[in-house]
Amino acid sequence: QVQLVESGGGLVQPGDSLTLSCVASGRTLSIGAMGWFRQAPGKEREFVAAITWSAGYTNYVDSAKGRFTVYRDNAKKTVYLRMHDLRLEDTAVYYCGLSTDEPYIGRLAAKYHYWGQGTQVTVSS
């Protein structure tokens, strides 16, 4: 069994920064890619960013480009999402997903085989 545990969420003001972390643990696994999604109240889960595990190729939703950075620590099996200049519309539960074997960094949630429990990010003035 694979477990993903997110942390780092919180309550911040517009313009603030946060860094989320997601640690993968459990049985020996081959990680193809890890990504971040978010879900705001009343909305569908949406793709935010993802990174391939081997080469470090990244992909971002347009609203995250220039503000968010996804990076990983292979030895720690941890993926991070550094978020700057947070906006009210960034408020959501943030989930990390893991794609085994295939280095998929696209927007289809079904391509990610494991998910964490989520961490709440609230941006409020």
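Above this text sits the structure in question.
Keep in mind the model is a prediction, meaning the values are calculated, not measured. (Residues numbered from 1 in each chain as written. Predicted model: local features only at pLDDT ≥ 70, side-chain atom pairs only at ≥ 80, totals over all residues. Heavy atoms only, no water.)

**Comments concerning the side chain of T78**
Turning to step 1, where the next piece is worked out: Tracing the sequence through the fold places T78 in strand β8 (residues 78-83).
Turning to step 2, where the next piece is worked out: Engagement of the side chain of T78 in a polar contact is seen with the backbone oxygen of K76, the distance being 2.9 Å.
Turning to step 3, where the next piece is worked out: Beyond its immediate sequence surroundings of up to four residues, T78 is in contact with S21, C22, V23, W53, Y71, R72 and D73. (Helix = DSSP H or I, 4+ residues; strand = E, 2+ residues; numbered from the N terminus. Polar contact = N/O pair within 3.5 Å; in protein donor to acceptor, adjacent residues only side chain to side chain. Contact = heavy atoms within 4.5 Å.)

**Observations concerning the nonpolar core**
Turning to step 1, where the next piece is worked out: Grouped together as the largest cluster of nonpolar side chains are 39 residues, with contacts concentrated most on L4, M34, W36, L81, M83 and Y94.
Turning to step 2, where the next piece is worked out: The set of elements that each furnish at least two residues to this core consists of β1 (2-7), β3 (18-26), β4 (31-39), β5 (46-52), β7 (68-73), β8, β9 (92-100) and β11 (119-123).
Turning to step 3, where the next piece is worked out: Setting aside its immediate chain neighbours within four residues, L4 contacts C22, V23, A24, M34, C96, G97, L98, Y114, W115, G116 and Q117. (Core = buried A, V, L, I, M, F, W, Y, C linked by side-chain atoms within 4.5 Å. Buried < 20%, exposed > 50% of the residue type's maximum accessible area, 1.4 Å probe, protein only.)

**Here's the deal with the pattern of salt bridges**
Turning to step 1, where the next piece is worked out: This model, assessed by the stated rule, comprises five salt bridges.
Turning to step 2, where the next piece is worked out: Between D62 and K65 there is a salt bridge, with its nearest N and O atoms 3.1 Å apart. As far as the burial class goes, D62 and K65 line up, both exposed.
Turning to step 3, where the next piece is worked out: In this structure, D90 and R67 form a salt bridge, with 2.8 Å as the shortest nitrogen-oxygen distance. One end of the pair, D90, is in the loop between β8 and β9; the other, R67, is in the loop between β6 (58-60) and β7, with 23 residues separating them in the sequence.
Turning to step 4, where the next piece is worked out: Linked through salt bridges whose partners overlap, the residues forming this network are R38, E46, R67 and D90. (Salt bridge = Lys/Arg side-chain N within 4 Å of Asp/Glu carboxyl O.)

**Remarks on the side chain of T119**
Turning to step 1, where the next piece is worked out: As for its position among the elements, T119 is in strand β11.
Turning to step 2, where the next piece is worked out: A polar contact of 3.2 Å, which involves the side chain of T119, links it to the backbone nitrogen of G9.
Turning to step 3, where the next piece is worked out: Look past the residues within four positions of T119 in its chain and what remains in contact with it is E6, S7, G8, G9, L20, A92, V93 and Y94.

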